[in-house]
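A structural walkthrough
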6 protein chains.
Amino acid sequence: MPLVRVDMIKGRTIEQKRAMVKEVTESMVKTLNCKKEAVRIIITEKEKEDLGVGGILHSDTDG
Amino acid sequence: MPLVRVDMIKGRTIEQKRAMVKEVTESMVKTLNCKKEAVRIIITEKEKEDLGVGGILHSDTDG
Amino acid sequence: MPLVRVDMIKGRTIEQKRAMVKEVTESMVKTLNCKKEAVRIIITEKEKEDLGVGGILHSDTDG
Amino acid sequence: MPLVRVDMIKGRTIEQKRAMVKEVTESMVKTLNCKKEAVRIIITEKEKEDLGVGGILHSDTDG
Amino acid sequence: MPLVRVDMIKGRTIEQKRAMVKEVTESMVKTLNCKKEAVRIIITEKEKEDLGVGGILHSDTDG
Amino acid sequence: MPLVRVDMIKGRTIEQKRAMVKEVTESMVKTLNCKKEAVRIIITEKEKEDLGVGGILHSDTDG
């Protein structure tokens, strides 16, 4: 702990994932006063057709 | 908020997802008195071999 | 399956939860063509201080 | 209920999943005194590039 | 990893949680061939009024 | 999206939560190139007796 789960739209590069994991971990350590090694992050990428906002599929509103 | 996450067996069409997102959002608005735009839905489709009921994989009981 | 998890701001009555579970289940059955008995819903109520939008705690922006 | 969700690194065989679902269900029944049929398990397999530990992607540390 | 999340009805004793965590971890190690130290379990206890099955709140069907 | 869920041991102050939400959101914006307003964070605080590591309850190993 802390355990961080990030759901995001598919399409980021591995460089972006790498940078995100690094930066978010540092933010957790800085603000929660936890050990770096204790921070775990799980990324889940979602297709636009698997998201709905306001009753509409994201794939229908966002090209 | 509300955030709605739906886990379901793989195989629905995009038309079914579209209808589900629309209907579930309307049900949330009607019963929880929240704004339509505030309802977010995340769909996750699961393979039958990734589900277990009563100690048995769903792929072993359901063709 | 389907499994539906609903995260929402604390404060709804049990009548609202009861209505929401009924209506959302009916929406699932109607659009996904699944059995009513198969629909499971798990509700989680969240405090405003446990939500952040745009980098700000919800308890800081919403009385 | 109980609902058990297992996130694990991709790569297990269906035999391993089958055995895990069987054994974990039996452990739940034995210790929680619940009915076998009531135990549901959902497996999610993750790529190493979707996991971060200590600020580093698992795909960068583990061949 | 593996990460195991268990959602269950409120009311188990700490002895039951302790036994469950021990037994489930051993089941994971035995079937998935992972290290004991790598298994993490997160328990969430739910009120019956926060569960719905077949469109009905669990608190309405189960005393 | 992105949706960030943070599970952490109970006991942080609201100031720590406020700082964490701010910093993590900025890390997401910087590395994923998303809009600040799009980042949502849900915090869940866990009791030590609801966590298991290596088959042992966290409340049994950590005073």
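Here we summarise the structure given alongside this text. (Residues numbered from 1 in each chain as written. Chains lettered and ligands numbered in written order. Predicted model: local features only at pLDDT ≥ 70, side-chain atom pairs only at ≥ 80, totals over all residues. Heavy atoms only, no water.)

**Thoughts on the pattern of salt bridges**
Spelled out, the test is: A side-chain nitrogen of Lys or Arg and a carboxyl oxygen of Asp or Glu constitute a salt bridge if their distance falls within 4 Å. Strands are runs of DSSP state E lasting at least 2 residues, helices are runs of H or I lasting at least 4, and numbering of each runs from the N terminus. Each residue gets one of three labels from its accessible area relative to the maximum for its type: buried under 20%, exposed over 50%, partly exposed in between, using a 1.4 Å probe on protein chains only.
Inspection of the entire model under this criterion finds 48 salt bridges over all chains. D:Asp50 is the partner of A:Lys17 in a salt bridge, and the nearest nitrogen-oxygen pair spans 2.6 Å. Within this pair, whereas A:Lys17 is found in helix α1 (residues 14–32), its partner D:Asp50 is found in the loop between β2 (40–46) and β3 (51–53), the two belonging to separate chains. Judged by relative accessible area, D:Asp50 falls into the buried class, the value being 9%. The shortest N-O distance in the salt bridge between F:Glu23 and A:Lys30 comes to 3.0 Å.

**Overview of α1(A)**
This is how it is decided: A helix is expected to span 1.5 Å for every residue after the first. Contacts: residue pairs with any heavy atoms within 4.5 Å of one another.
Here α1(A) spans 26 Å end to end across 19 residues, near enough to the 27 Å set by a 1.5 Å rise per residue. For α1(A), the set of buried residues is A:Lys17, A:Met20, A:Val21, A:Glu23, A:Val24, A:Thr25, A:Ser27, A:Met28, A:Thr31 and A:Leu32. Buried residues in α1(A) make contact with β1 (3–9) and β2 (40–46) of chain A, β3 and β4 (56–57) of chain D together with β1 (3–9) and α1 (14–32) of chain F. Positive backbone phi, approximately 60 degrees, marks A:Asn33, located one or two places after α1(A).

**Some words on the relation of the copies chain F and chain A**
One chain copy maps onto the other through a rotation about an axis and a shift parallel to that axis. Cut-off, in case you're wondering: Alignment of copies: least-squares fit on C-alpha atoms of residues with pLDDT of at least 70 in both copies.
Superposing chain F onto chain A takes a rotation of 180 degrees combined with a translation of 0.0 Å along the rotation axis, leaving an RMSD of 0.0 Å. Within this description, the copies of the chain are treated as partners about a two-fold rotation axis. Both copies share a contact surface, since 100% of the interface residues of chain F are interface residues in chain A too.

**Looking at the interface of chain F and chain A**
Where the parts come together, the accessible area they lose is often given as the size of the interface. Heads up, the condition is: Buried area is calculated as the accessible area (1.4 Å probe) missing from two parts once they are joined, with the contributions of both summed. Asp, Glu, Lys and Arg are counted as charged, while Ala, Val, Leu, Ile, Met, Phe, Trp, Tyr, Cys and Pro are counted as nonpolar; the rest, among them Gly, fall into the polar class. One requirement defines pairing of two strands: DSSP has to find at least two bridges between them.
With 24 residues of chain F at the interface, the matching set in chain A holds 24 residues. A buried area of about 2,200 Å², summed over both sides, lies between chain F and chain A, and 61% of it is on carbon and sulfur atoms. In terms of surface lost to chain A, no three residues of chain F exceed F:Met1, F:Arg5 and F:Leu32, which account for 28% of the buried area on that side. Applying the counting rule to chain F against chain A returns 4 salt bridges. For F:Arg5, the salt bridge identified is with A:Asp7, shortest N-O distance 3.3 Å. Top contributing element to the side of chain F that touches chain A by residue count: α1(F), with 10 residues. Each residue belonging to the side of chain F that touches chain A can be placed in one class, and the counts come to 14 nonpolar, 4 polar and 6 charged. Of the strand pairs in this sheet, β1(A) and β1(F) are connected by 5 bridges, and their pairing is antiparallel. Bridged to A:Asp7 within β1(F) is F:Leu3.

**Topic: the sheet that holds strand β3 (residues 51–53) of chain F**
Taking strand neighbours across the sheet as the criterion, the 8 strands line up as β4(B)-β3(B)-β2(D)-β1(D)-β1(E)-β2(E)-β3(F)-β4(F) in an open arrangement whose pairing is mixed. In this open sheet, the two edge strands, each paired with only one partner strand, are β4 (56–57) of chain B together with β4 (56–57) of chain F. Bridge count between β3(F) and β4(F): 2 bridges; the pairing is antiparallel. Paired with F:Gly52 across the strands is F:Leu57, a residue of β4(F).

**What about the interface of chain D and chain C?**
In plain terms, the rule: In protein, a polar contact requires one atom able to donate a hydrogen and another able to accept it; more generally it is a pair of N or O atoms within 3.5 Å, and residues adjacent in sequence count only if both atoms are side-chain atoms.
Contact with chain D, which involves 5 residues of that partner, is made by 5 residues of chain C. Here chain D packs against chain C, burying approximately 420 Å² in sum over the two surfaces, 65% of which is carbon and sulfur. Where chain D packs against chain C, one counts 0 salt bridges. Linking chain D with chain C are 0 residue pairs in polar contact (both at pLDDT 80 or more). Those elements giving two or more residues to the side of chain D that touches chain C turn out to be β1 (3–9) and β2 of chain D. Per-class residue counts for the side of chain D that touches chain C are 3 nonpolar, no polar and 2 charged.

**Comments concerning the sheet that holds strand β4 (residues 56–57) of chain E**
Threshold: Axis angles are defined between N-to-C directions and span 0 to 180 degrees, where every axis is a line fitted to C-alpha atoms and, for a helix, only to the segment in contact.
The 8 strands lie next to each other as β4(A)-β3(A)-β2(B)-β1(B)-β1(C)-β2(C)-β3(E)-β4(E), forming an open sheet whose pairing is mixed. Here the strands that pair on one side only, and so sit at the sheet edges, are β4 (56–57) of chain A together with β4 of chain E. In this structure, strand β3 (residues 51–53) of chain A lies alongside strand β2 (residues 40–46) of chain B, joined through 3 bridges in antiparallel fashion. In the strand pairing of β2(B), A:Val53 is matched with B:Arg40. Across the sheet, helix α1 (residues 14–32) of chain B lies against β3 and β4 of chain A, β1 (3–9) and β2 of chain B together with β1 (3–9) of chain C, angled at about 140 degrees from β2(B), the strand it touches most.

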